[in-house]
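Examining the three-dimensional arrangement
The residues making up each chain are set out below.
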Amino acid sequence: MKKSKKALLLLTMVISIIHLIPFYLLITVSFKPVDDTSSKWLPPATLYLDNFINAWKEANLGQAFVNNILITAISVLLVVFLGACASYPLARYKTRFNRFMFVFFISAMIVPPLTILVPLYKFIVDIGGLNQPWAIILLHVTFNLPITIFLFTGFINTIPRELDEAAMIDGMSRFSLFFRIIMPLLKPVTVTVMILTGVNVWNDYQFSVFFLQSSESHTLTVALSSFFSQYVNNVGWVAAGSLLSSLPIIILYLFLQKYFISGLSSGAVKG
Amino acid sequence: MDTEVRTQIQFVKKGLRRKKISSTVWLNVMYLPALLLFIVFIFYPFFKGLQISFTNWDGFSQTYDWIGLDNYKRMLHDPNIGTIIKNTLIYGIGSTLFQNIIGLAYALLLNREMKTRGITRTIIYLPVIISPLIMGYIWYFFFQYDGGALNDIILLFRNTPLNILADPQWNVWIIMFVNTYQYLGIAMVIYLAGLQTIPRDFYEAAQIDGASSWQRFKHVTLPMLMPSITINIVLNLVGGLKLFDVIISLTKGGPGYASQSLSTVMYKYYFASMDAGYAAALGNLMFVLISVISITALIYLRRKEIAG
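None of these values were measured; they are calculated from a predicted model. (Residues numbered from 1 in each chain as written. Chains lettered and ligands numbered in written order. Predicted model: local features only at pLDDT ≥ 70, side-chain atom pairs only at ≥ 80, totals over all residues. Heavy atoms only, no water.)

**Overview of the overall build of chain B**
For clarity, the threshold we go by: Where helices and strands are cited, they refer to DSSP runs of H or I of at least four residues and of E of at least two residues respectively, numbered from the N terminus. Each radius of gyration is computed over the set of C-alpha atoms, and the globule rule expresses the reference value as 2.2 Å times the number of residues to the power 0.38. Relative accessibility under 20% of the residue-type maximum defines a buried residue, over 50% an exposed one, and the middle range a partly exposed one, all with a 1.4 Å probe and only protein chains included. Contacts are residue-level and defined by heavy atoms, with any inter-residue pair within 4.5 Å sufficient. Charge counting treats Lys and Arg as positive and Asp and Glu as negative, with His and both chain ends excluded. For charged residues, the charge sits on one atom: NZ in Lys, CZ in Arg, CG in Asp, CD in Glu.
Along the backbone of chain B there are 13 helices and 0 strands. Reading the secondary structure of chain B in the N-to-C direction produces α-α-α-α-α-α-α-α-α-α-α-α-α. Here chain B has a C-alpha radius of gyration of 26 Å; the compact-globule value for 308 residues is 19 Å, and the former is much larger. Counting the 308 residues in chain B, one finds 51% classified as buried. In chain B, 68% of the contacts between residues at least 6 apart in sequence involve partners at least 24 apart. Within chain B, the 16 negative side-chain charges are centred at a point lying 9 Å from the centre of the 25 positive side-chain charges.

**Notes on the UniProt feature "transmembrane region" (unreviewed entry) in chain A**
Residue and element names in this part refer to chain A. We count it as follows: UniProt positions are given in the numbering used here, feature names are shortened, and annotations may be inferred rather than shown by experiment.
Listed under "transmembrane region" (unreviewed entry) in the UniProt record, and renumbered for this structure, are residues 7-27, 65-88, 100-121, 133-156, 177-202 and 235-256. With 100% helix and 0% strand, residues 7-27 has its two end C-alpha atoms placed 30 Å apart. Between the first and last C-alpha atoms of residues 65-88 the distance is 35 Å; the span itself is 100% helix and 0% strand.

**Here we look at helix H3 (residues 61-92) of chain A**
It helps to recall that an α-helix has 3.6 residues per turn; residues three or four apart then point in one direction. Short version of the rule: A helix is expected to span 1.5 Å for every residue after the first.
For H3(A), built from 32 residues, the straight-helix expectation of 46 Å at 1.5 Å per residue is met to within 8% by its first-to-last C-alpha distance of 46 Å. Burial of H3(A) is extensive: 23 of the 32 residues sit out of reach of the surface.

**What to know about the UniProt feature "transmembrane region" (unreviewed entry) in chain B**
Residue and element names in this part refer to chain B. Following the UniProt record, one finds the feature "transmembrane region" (unreviewed entry) at residues 25-47, 89-110, 122-142, 170-193, 224-244 and 276-301. Secondary structure content for residues 89-110 is 100% helix and 0% strand, while the C-alpha to C-alpha distance between its ends is 30 Å. For residues 224-244, the end-to-end C-alpha separation is 34 Å, with 86% helix and 0% strand making up the annotated structure.

**Regarding unusual backbone geometry**
All names here are of chain B. Even without being glycine, lysine 252 reaches a positive phi, approximately 55°. Tracing the chain through its elements places lysine 252 in the loop between helix H11 (245-250) and helix H12 (262-272). Overall, lysine 252 belongs to the partly exposed group, its relative accessible area being 49%. Of note in the backbone geometry, methionine 274 takes a positive phi value of approximately 50° without being a glycine. Its place among the elements puts methionine 274 in the loop between H12 and helix H13 (276-307). Exposure remark for methionine 274: the relative accessible area of 42% places this residue in the partly exposed category.

**Here's the deal with the interface of chain A and chain B**
The cut-off we apply is this: Defined here as a combined quantity, buried area equals the accessible surface (1.4 Å probe) lost by two parts on assembly, summed across both. Throughout this description, the term salt bridge denotes a Lys or Arg side-chain nitrogen within 4 Å of a carboxyl oxygen of Asp or Glu. Within 3.5 Å is the distance limit for a polar contact, defined as a pair of N or O atoms, with the added protein rule that one can donate a hydrogen and the other accept it, and that residues adjacent in sequence qualify only through two side-chain atoms. Asp, Glu, Lys and Arg are counted as charged, while Ala, Val, Leu, Ile, Met, Phe, Trp, Tyr, Cys and Pro are counted as nonpolar; the rest, among them Gly, fall into the polar class.
Between chain A and chain B, the residue contacts involve 94 residues of the former and 93 residues of the latter. The contact between chain A and chain B buries some 8,400 Å² in all, and 80% of this surface belongs to carbon and sulfur atoms. Seen at the junction of chain A and chain B, the total is 0 salt bridges. Counting across the interface, chain A meets chain B through 15 residue pairs in polar contact (both at pLDDT 80 or more). The element that contributes the greatest number of residues to the side of chain A that touches chain B is helix H1 (residues 2-30) of chain A, accounting for 16 residues. Residue composition of the side of chain A that touches chain B, by class: 67 nonpolar, 20 polar and 7 charged.

**Some words on the UniProt feature "domain: ABC transmembrane type-1" (unreviewed entry) in chain A**
In the numbering used here, UniProt assigns the "domain: ABC transmembrane type-1" (unreviewed entry) feature to residues 65-256 of chain A. Helix makes up 78% of residues 65-256 of chain A and strand 0%. Its end C-alpha atoms lie 21 Å apart.

**Digging into the domain arrangement of chain B**
One widely used convention gives an interface's size as the accessible area the parts lose upon coming together. All names here are of chain B. Going by this rule: The split into domains, and so the bounds of each, comes from an automatic or database assignment of domains.
Domain parsing of chain B yields domain 1 (3-52) and domain 2 (73-307). One C-alpha centre belongs to domain 1, the other to domain 2, and the line joining them spans 39 Å. Interface area, domain 1 with domain 2, both sides summed: about 320 Å², of which 70% is carbon and sulfur. It is Phe46, Gly49 and Ile52 in domain 1 that bury the most area against domain 2; as a group they hold 85% of the surface buried on that side.

**Description of helix H9 (residues 187-203) of chain A**
Residue and element names in this part refer to chain A. With 17 residues, H9 should cover 24 Å at 1.5 Å per step; its first-to-last C-alpha distance of 24 Å lies within 8% of that length. The buried fraction of H9 amounts to 12 of the 17 residues, a majority that puts the element mostly inside the structure. Taken together, the buried positions of H9 are Val189, Thr190, Thr192, Val193, Ile195, Leu196, Thr197, Gly198, Val199, Val201, Trp202 and Asn203.

**Concerning the packing of helix H4 (residues 96-107) of chain A against helix H6 (residues 133-157) of chain A**
Angle between the axes and distance between the axes are the two parameters that describe a pair of packed helices. All names here are of chain A. Operational definition: The angle between two axes is taken between their N-to-C directions and runs from 0 to 180 degrees, where each axis is a line fitted to C-alpha atoms and a helix contributes only its stretch in contact. Throughout this description, any angle smaller than 35 degrees is read as roughly parallel, any larger than 145 degrees as roughly antiparallel, any in the 65 to 115 degree range as roughly perpendicular, and the remainder as oblique.
Two numbers describe how H4 lies on H6: the axes approach to 7 Å, and their chain directions differ by 135°. One finds that H4 runs oblique with respect to H6. When H4 is examined against H6, the residues Phe102, Phe105 and Ile106 are found in contact with a partner set consisting of Pro146, Ile149, Phe150 and Thr153. Here the residues of the contact of H4 with H6 sort into 6 nonpolar, 1 polar and no charged.

**Re the UniProt feature "domain: ABC transmembrane type-1" (unreviewed entry) in chain B**
Under the UniProt annotation, the feature "domain: ABC transmembrane type-1" (unreviewed entry) is placed at residues 85-297 of chain B. Taken as a whole, residues 85-297 of chain B contains 75% helix and 0% strand, while its terminal C-alpha atoms sit 18 Å from one another.

**A word on the packing of aromatic side chains**
How we decide: A pair of aromatic rings is counted whenever rings of Phe, Tyr or Trp (Trp by its six-membered ring) have centres within 6.5 Å, and the orientation is called stacked for planes under 30 degrees apart, edge-to-face for over 60 and tilted otherwise. Whether a charge sits over a ring depends on NZ of Lys or CZ of Arg being within 6 Å of the ring centre and within 35 degrees of the ring normal.
Evaluated as defined, the whole model comprises 45 aromatic pairs over all chains. Seen from their ring centres, Phe178(A) and Phe179(A) are 5.0 Å apart, and the 70° between their planes marks the pair as edge-to-face. Relative accessible area serves as the criterion here: at 0%, Phe178(A) is assigned to the buried category. What makes Phe179(A) partly exposed here is its relative accessible area of 38%. The interplanar angle of 85° and the centroid separation of 5.4 Å between the aromatic rings of Phe46(B) and Phe47(B) together place this pair among those described as edge-to-face. Judged by relative accessible area, which is 17%, Phe46(B) ranks as buried. Aromatic ring contacts, followed pair by pair, group Tyr121(A), Phe143(A), Tyr205(A), Phe207(A), Phe210(A), Phe211(A), Trp57(B), Phe244(B), Tyr267(B), Tyr270(B) and Phe271(B) into a single cluster. We note Lys258(A) situated over the ring of Tyr259(A); from NZ or CZ to the ring centre the distance is 5.2 Å. Arg74(B) extends its terminal NZ or CZ atom over the ring of Tyr278(B), reaching a point 3.8 Å from the ring centre.

**Concerning the environment of Phe141(B)**
One can find Phe141(B) in helix H6 (residues 132-143). C-alpha of Phe141(B) to C-alpha of Ile175(B): the two residues are 34 residues apart in sequence and 14 Å apart in space. Those residues within four positions of Phe141(B) in sequence are excluded, and the remaining contacts are Leu26(A), Val29(A), Lys40(A), Val235(A), Val238(A), Ala239(A), Gly148(B) and Ala149(B).

Below you can see the structure in the form of structure tokens.
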């Protein structure tokens, strides 16, 4: 019995190490100068920081960070607000029409954004949204809304209706009842939505690469990819840039991992 | 509660209900902004895309001609379409298979009480939060020809390094592997949650009946996990079939068309070949492929859930 337990413990450690290999390589590569031809497996000999400085300057990561933070923060706020608002009537007043609307909102989940890339791109160009943060924010909000409405509606369904009725007996209007009583109760699912949307938007490449083409509007992933095609041989810079771009989200993950894991997985249930 | 109070409450409730009907319509105003976004950014483009696919639009001119079904006919004769669809299916079905097998194995392992459980779960899940584009770059350092980490090991055994990312036979599988590595954490977590819902008595009863551990897995664990299996399979299918970022960062779809999927080739036709009509048609093909495969899988698995 004891022996098998030790074997299992060893197995989990081996698995963990294997899964960490890519991250280990990312770190060793980002701390080595270009002319250091030693194996990527070996740790760097000195603490060489120039890759980070160069990546920051050459890929204009400072601007990209500002863009990323701005786009992610506004998208998350809008998704939470619009999603919660939309879910309230869908959860509380299930007329036949609203049931249909719920299905309509949820069904948008089956349209992978890339399949409508051509018309969407044309449309964004036509309305003057190319390279504009507001356009990409609206796109992120739209494509994150279906799962958000799904999660919020499900959660509001579990809040007893008596609460609404009691507040209305006290003379509250439906709107203030929603903002003052229901909204504060949505905290747990709001955390889920924030993590889900935040990670999606922060990491996005497939939208940003099309709609944010000018270098001032680049987000981190777009800045890194144009940087990578320019300096294919300078993997140290690319690694340093990748590490910097992922660091904020890795740190958040390590502190809030419980919320990340349950949040991102409940987003998975959308299938 | 005495009856008088109860009738009073009933009375108030009735009044509220009457009031409710008149203000329900007003409350629907709350979903109008979301509805507007959906119509403008999903439904309008979706139908516009159908329209563009019947034209020879180049992506920037003001004019174009209607060419009927020519773009769809062209697909049938496209010499690369076979490779592209095959790759898309490998990314979709291949990653689904591996994510589920490995994810389930990890979940079974971590479902036991042990000290390293939490940390192992954290590590396996870590790649999920990284941008897939960046995940591709990280693995590029591993697989790259010149000084790649894999080749450092290969060179210990043979004289020539592998150029695996440029090898059409291999690179598709490498991309599938990277996608699997990145997202198997989600499958694992969903299976772990599913395993927690299986009552212990089921296993005890099976043990009393003399079931071997394989029989217990087959007749207790698997059927009880069916809902988790459904979610994982459908989710991974959709994720893999629309894969884009990892392909761009590892091979850009090359060499030639060797590792292109529908999503990357559509991008290429639109922006590099200025062939927007054909790109729109490919987008529609991708939409049909993804919905048919995922909905079929969903219906099939849901039926199995009920039957099982």
